[in-house]
Amino acid sequence: MTHTDAGAELDPVHPVPIPPARAHGLSTAEVAERVARGEVNDVPVRSSRSLGEIVRANVFTRFNAIIGVLWLIMLFVAPVQDSLFGYVIIANTGIGVFQEWRAKKTLDSLAVIGESKPTVRRDGAAVAVSTSEIVLGDLIEIGPGDKVAVDGECVEADGLEIDESLLTGEADPVVKRPGDAVMSGSFVVAGGGAFEATKVGREAYAAQLAEEASRFTLVHSELRTGISTILKYVTWMMIPTAIGLVISQLVVKQHGFKDSIARTVGGIVPMVPEGLVLLTSVAFAIGVIRLGRKQCLVQELPAIEGLARVDTVCLDKTGTLTEGGMDVTELRPLGGADETYVRKVLGALGESDPRPNASLKAIIAAYPDSEEWRCVESLPFSSARKYSGASFSEGDGESSTWLLGAPDVLLGADDPALAETGRLNEQGLRVLLLARVAGELDDPEVAREAEATALVVLEQRLRPDAAETLRYFAEQDVHAKVISGDNAVSVGAVAGKLGLTGQVVDARQLPADQEEMAKSLDEATVFGRVTPQQKRDMVGALQSRGHTVAMTGDGVNDVLALKDADIGVSMGSGSEATRAVAQIVLLNNSFATLPSVVAEGRRVIGNITRVATLFLVKTVYSVLLAVLVVCWRVEYPFLPRHLTLLSTLTIGVPAFFLALAPNTERAQPHFVRRVMRYSIPGGVIAGAATFVTYLIARHYYTGKGSLGAETSAATLTLFLISMWVLAIIARPYTWWRITLVASMGAAFVVVLVVPWLQHFFALKLVGVTMPWVAVGISAVAGVLLEVVWRVVDRRVSV
């Protein structure tokens, strides 16, 4: 509340004039001095990793180190053909760096578009500057929904209430008065004012915390966590297997030291699923780029994955299902009130609030201010109170105090005006009550004796794309819950117009117990008169039932729920606070963009699950082959060039296309379990069948050059089985998937029939019998793969 006499700048609590220098802010010269001294808010608010961090993350990996050492060894002891795997790794790493750098550029450009511009007072005028341009001593103006950018001291307060729960855990908003400290990272929930920046840049500890909390991250993702777990297991399998392979090959070494080293390396390299991390990064990065083209800012990378796993989306009506603007369609005076007088009251109320919400903006547009009326005291709108108010001197010596807000909050349950309000709400109209009160605005019970004077009927503009988006979620088995602070009947009518049916509940009747609340949330679809704290509690209640919850919103009353939800989605035109805590910001303010985000997440998860299976089948058969070679004390059947060829044709190239393909399958939990259920039996079948062919070939071929013939037969078997795995992974078939699989098979045939390629890859099928034996063993292995895959499919789907 504040006294707002035009000529005086007074503290609302202690009527002491604010020093003019403070009230007018810094001068241009003072700003320049502070910039020269480095007293600038220079904490970089980054949306993504720097280029250096991207390069380090992609180059300096555990597996790159292993392969790098093996590559250097091969460069000295074997022909260049056996060193191809090293060049493949360089190419893969380069692709990963380039794609992630492209994603960074997209994110940074979108972050600039969506960046908040705090209002500072300089030379007595209010100007918008970027957060990094704030200097020590700046006078910063704040209002509802604004996020406090730096630490400071409150100078002016007009009913100023700040929520510091994200920093302190204190749930209730804190009323701020001149002299009180203001913390960066908190946000304004009601009223307005100004504060002087006392700590900027790295001195503002709370600002550093806020930056860390909202910074782009590549962690806390089930997909990435799962891949890290898999790689940990792979490392532990590799170490003893590789040691055994090294010892056995050096002991056997019937074909020379260098050849033994080459075959040892050939056994170790394919154990490393080096392309899996790369393809995950590339898939995420390309997802960011695709969504960026649709003006969707993904502030945390796993949000793409997270939204694909969502099974419940909580929608705030205003700004999500409806457009921000409203129109006054009717004014209904009550109790014989004079309509002309009521219009003056509404015009004065509109003028009394320097930061009007959407409802008040509609009233301002409909009713001009009466110049002779002067605001003496004001009470800003609060989502918790559901009303605002003001006291006026009417110019003729009369004074009056008025409240404007929710009829069912300001009036008793038996008031006849509520019946009329209910009929209007059933039509989807929003209704505000103008009521006269006799008490003081700072009295918590001021609304108790409210005298109903008029109903203001507002029409909300439905978003043209909202109905289609809700249908999409229904088709994808994602439950939509409309959670609004407005009247429940009105919200239910709006939801009904958009095709969303279900039970409508007044949130004031919801049980406080989390379990009981969760039960009510599962049964109903639309909730009205929800307080900000209730929104947060409702998200927690849904999560307690195992739901993955997304929350959309654009108002300051949505901040706490957005922060607690698994995925927070904010509109670009929403308050600065909501944009700061949300993982996804729809810069085009279009709710219809959400299906694109869901689809992108499903594409990433589904496709990475596919390609992870491909990579880990290779890891499993490589480890098994190495163990069998050690146990049988024979030469390892492959040189590095053979497995480079097989990996490229059956994994590398196909995986790249499969990882970026469209995929609408609903995301499934337990990534590691699902991948290992397929890859372990697939790898065991491939490794066992290949080794059987190798042993038969060792008995079939004798004499000089027999090892080369044995290797070629084993390579043919492994290629055919790997192609069968690829054919299974590529399902369901489309023309391009069939073309992809067929072209990989054709490429291998070319290697077998072109002489110089035969020589380059040391592959030449000798005779007719053994190649056909290899084909027969591959066919049996393929049938086993089909059986195992179907059994696993049934168990996974149960």
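On a predicted model such as this, the values are computed, not experimentally measured, just so you know. Along each chain, residue indices are assigned from 1 in the same order as the chain's sequence is written. Thresholds applied to this predicted model are a pLDDT of at least 70 for local features of residues and 80 or more for the giving and counting of side-chain atom pairs; totals over whole chains, interfaces and linings are not thresholded and use all residues. Think of the side-chain values as coming from all heavy atoms in the structure, minus any hydrogens and water.

**Describing the overall build of the protein**
This is how the line gets drawn: By the criteria applied, helices consist of DSSP H or I runs no shorter than four residues and strands consist of E runs no shorter than two, each listed in order from the N terminus. Between buried and exposed lies partly exposed: a residue is buried under 20% and exposed over 50% of the maximum accessible area for its type, with that area taken using a 1.4 Å probe on protein chains only. Calculation of accessible area relied on Shrake-Rupley with a 1.4 Å probe; when residues are assessed, cover is drawn exclusively from the protein chains displayed. Asp and Glu are treated as the negative residues and Lys and Arg as the positive ones, with His and the ends of the chain left uncounted. The atom standing in for a charge is NZ when the residue is Lys, CZ when it is Arg, CG when it is Asp and CD when it is Glu.
Scanning the protein from N- to C-terminus turns up 28 helices and 21 strands. Projecting the C-alpha coordinates of the protein onto the three principal axes gives extents of approximately 120 × 60 × 40 Å. Looking at the 798 residues of the protein, the share that counts as buried comes to 56%. As displayed, the protein has an accessible area near 33,000 Å², and 58% of this comes from carbon and sulfur atoms. Computed over 72 positive and 87 negative side-chain charges, the separation of the two mean positions in the protein equals 16 Å.

**Overview of the side chain of Ser248**
Filter applied, for reference: Residues are treated as being in contact if the distance between any of their heavy atoms lies within 4.5 Å.
Mapped onto the elements of the fold, Ser248 is located in helix 8 (residues 222-252). Contacts of Ser248, omitting those with residues within four sequence positions, involve Val629 and Val630.

**Some words on the sheet that holds strand 21 (residues 584-586)**
Selection rule: By the convention used here, strands pair only if DSSP detects at least 2 bridges between them. What counts as an axis is a line fitted to C-alpha atoms, over the stretch in contact for a helix, and the angles between N-to-C directions run from 0 to 180 degrees.
Taken in spatial order, the eight strands line up as 8-21-20-19-9-16-18-17 in an open sheet, and their pairing is mixed. What marks the edges here is a single partner per strand, and that holds for strand 8 (296-298) and strand 17 (504-506). Averaged over all pairs of adjacent strands, the angle between their axes in this sheet comes to 20°, without regard to strand direction. Relative to strand 19 (residues 549-553), strand 9 (residues 312-315) runs parallel, the two being bridged by four bridges. Across the sheet, residue Val313 finds its bridge partner in strand 19, namely Ala550.

**Points about a nonpolar patch on the surface**
So the rule is basically this: In this analysis, a patch consists of residues with relative accessible area above 30% that form no salt bridge, clustered at 9 Å for like charges and at 5 Å for the nonpolar side chains Val, Leu, Ile, Met, Phe, Trp and Tyr. Within this document, salt bridges are pairs made up of a side-chain nitrogen of Lys or Arg and a carboxyl oxygen of Asp or Glu, the two lying within 4 Å of each other.
On the surface, Leu51, Val55, Val59, Phe60, Phe98 and Trp101 cluster together to form a nonpolar patch covering roughly 560 Å² of accessible area. Broken down by secondary-structure element, the contributors of at least two residues to the nonpolar patch are helix 3 (51-59) and helix 5 (84-114). Per-element accounting of the nonpolar patch gives the leading share, three residues, to helix 3. Its place among the elements puts Phe60 in the loop between helix 3 and helix 4 (62-77). For Phe60, a relative accessible area of 66% corresponds to the exposed category.

**A few points about the packing of aromatic side chains**
Quick reminder of the rule: To pair, rings of Phe, Tyr and Trp, with the six-membered ring standing in for Trp, must have centres within 6.5 Å; the planes then decide the type, stacked if under 30 degrees apart, edge-to-face if over 60, and tilted in the middle.
Considering all chains together, one arrives at 15 aromatic pairs under this definition. Taking the centre distance of 5.3 Å and the plane angle of 35° together, the rings of Tyr678 and Trp789 count as tilted. With a gap of 111 residues between them, Tyr678 in helix 24 (residues 671-700) and Trp789 in helix 28 (residues 769-797) connect regions that are remote in the sequence. Just as Tyr678 is buried, Trp789 falls in that class too. Each residue in the set Tyr341, Trp373, Phe392 and Trp402 is aromatic and connected to the rest through ring pairs, giving one cluster.

**A short note on the pairing of strand 13 (residues 399-405)**
With respect to burial, strand 13 is a largely interior element, six of its seven residues being buried. By the bridge criterion, seven bridges tie strand 12 (residues 387-393) to strand 13 in an arrangement that is antiparallel. The partner of Phe392 across the bridge, within strand 13, is Ser400. Between strand 12 and strand 13, which follow one another and run antiparallel, lie five residues, and Gly395 among them has a positive phi close to 95°. Note: strand 13 against strand 14 (residues 430-437), five bridges, orientation antiparallel. The residue bridging Trp402 from the neighbouring strand is Arg436, located in strand 14.

**As for the packing of helix 23 (residues 640-659) against helix 25 (residues 706-729)**
In a packed pair of helices, the relevant descriptors are the angle between the two axes and the axis-to-axis distance. Stated formally: Here the word oblique covers every angle except those under 35 degrees (roughly parallel), over 145 (roughly antiparallel) and from 65 to 115 (roughly perpendicular). Note on residue categories: nonpolar means Ala, Val, Leu, Ile, Met, Phe, Trp, Tyr, Cys or Pro, charged means Asp, Glu, Lys or Arg, and polar means any other residue, Gly included.
With their axes 9 Å apart at the nearest point, helix 23 and helix 25 run at an angle of 10° to one another. When the interaxial angle is binned, helix 23 and helix 25 end up roughly parallel. Of the residues in helix 25, those touching helix 23 at His642, Leu643, Leu646, Leu649, Thr650, Pro654 and Leu658 are Thr711, Thr715, Leu718, Phe719, Ser722, Met723, Leu726 and Ile729. Here the contact of helix 23 with helix 25 is built from residues that sort into 10 nonpolar, five polar and no charged.

**A closer look at the side chain of Glu635**
To be explicit about the condition: Polar contacts here mean pairs of N or O atoms no more than 3.5 Å apart (in protein, one a potential hydrogen donor and the other a potential acceptor; neighbouring residues in sequence count only if both atoms are side-chain atoms).
Structurally, Glu635 can be placed in the loop between helix 22 (594-632) and helix 23. Of note is the side chain of Glu635, whose polar atom sits 3.0 Å from the side chain of Arg698.

**What to know about unusual backbone geometry**
Cis geometry is found at the peptide bond from Arg731 to Pro732, where omega equals -5°. Mapped onto the secondary structure, Pro732 falls in the loop between helix 25 and helix 26 (735-753). Positive phi, normally seen in glycine, also occurs at Arg529, with a value near 55°. As for its placement among the helices and strands, Arg529 is situated in the loop between strand 18 (526-528) and helix 19 (532-544). Overall, Arg529 belongs to the buried group, its relative accessible area being 7%.

**A look at the pattern of salt bridges**
For the structure on display, the rule yields 26 salt bridges. For Glu156, the salt bridge identified is with Arg121, shortest N-O distance 2.8 Å. With Glu156 in strand 4 (residues 151-163) and Arg121 in strand 1 (residues 119-122), this residue pair connects regions lying 35 residues apart in the sequence. Grouping residues by exposure puts Glu156 and Arg121 together as buried. When the shortest N-O distance is used, the salt bridge between Arg603 and Glu600 registers 2.5 Å. Residue Arg603 and its partner Glu600 are located together in helix 22, separated by three residues, close to a single helical turn. The same class applies to Arg603 and to Glu600, which are both buried.

**Considering the environment of Thr769**
Summarising the element assignment, Thr769 is placed in helix 28. Thr769 sits in the partly exposed class, given a relative accessible area of 44%.

**With respect to the packing of helix 25 against helix 26**
Remark: helix 25 packs on helix 26, axes separated minimally by 10 Å, with the N-to-C direction vectors making an angle of 170°. When the interaxial angle is binned, helix 25 and helix 26 end up roughly antiparallel. Contact residues: helix 25 offers Thr715, Leu716, Phe719, Met723 and Leu726, while helix 26 offers Val741, Met744, Gly745 and Phe748.

**Some details on the environment of Val585**
With respect to the helices, strands and loops of the structure, Val585 is situated in strand 21. In sequence terms Val585 and Glu523 are 62 residues apart; their C-alpha atoms lie 29 Å from each other. Filtering out sequence-adjacent residues up to four positions away, Val585 remains in contact with Gln295, Cys296, Leu297, Gln299, Ser570, Met571, Gly572 and Arg579.

**A few points about the confidence of the model for the protein**
The condition that has to hold: A score between 0 and 100, pLDDT records how confident the predictor is in each residue.
Mean pLDDT over the protein works out to 83, with 91% of the residues at or above the 70 mark. Within the protein, no element has a lower average pLDDT than helix 7 (residues 205-214), which sits at 50, and none a higher one than helix 26, at 95. Predicted confidence for residues 1-18 stays below pLDDT 50, and this span has 36 contacts to residues more than four positions away or in other chains. Below a pLDDT of 50 lies the segment residues 210-219, which in the model reaches 30 contacts outside its immediate sequence neighbourhood of four places, other chains included.

**Side note on the pairing of strand 12**
A large share of strand 12 lies buried, amounting to six of its seven residues. Taken together, the six bridges between strand 11 (residues 374-382) and strand 12 define a ladder with antiparallel strand orientation. The partner of Arg374 across the bridge, within strand 12, is Ser393. Between strand 11 and the antiparallel strand that follows it, strand 12, lie four residues; Lys386 among them carries a positive phi value of about 75°.

**A look at helix 26**
Residues spaced three or four apart along an α-helix face the same direction, because each turn holds 3.6 residues. In plain terms, the rule: Multiplying one less than the number of residues by 1.5 Å gives the expected span of a helix. An arc is given here, and it is the one of the directions from the helix axis to the C-beta atoms.
Taking 1.5 Å per residue as the helical rise, helix 26 with its 19 residues ought to reach 27 Å, and the 27 Å between its terminal C-alpha atoms agrees with that figure. Of all the positions in helix 26, only Arg737, Leu740, Val741, Met744, Gly745, Phe748 and Val751 are classed as buried. Taken around the axis of helix 26, the buried residues stretch over an arc of 120°, which confines them to a single face. Opposite the buried face of helix 26, by more than 90 degrees, sit the exposed residues Trp735 and Val753. Where the residues of helix 26 are buried, they touch helix 22, helix 23, helix 25 and helix 27 (755-761).

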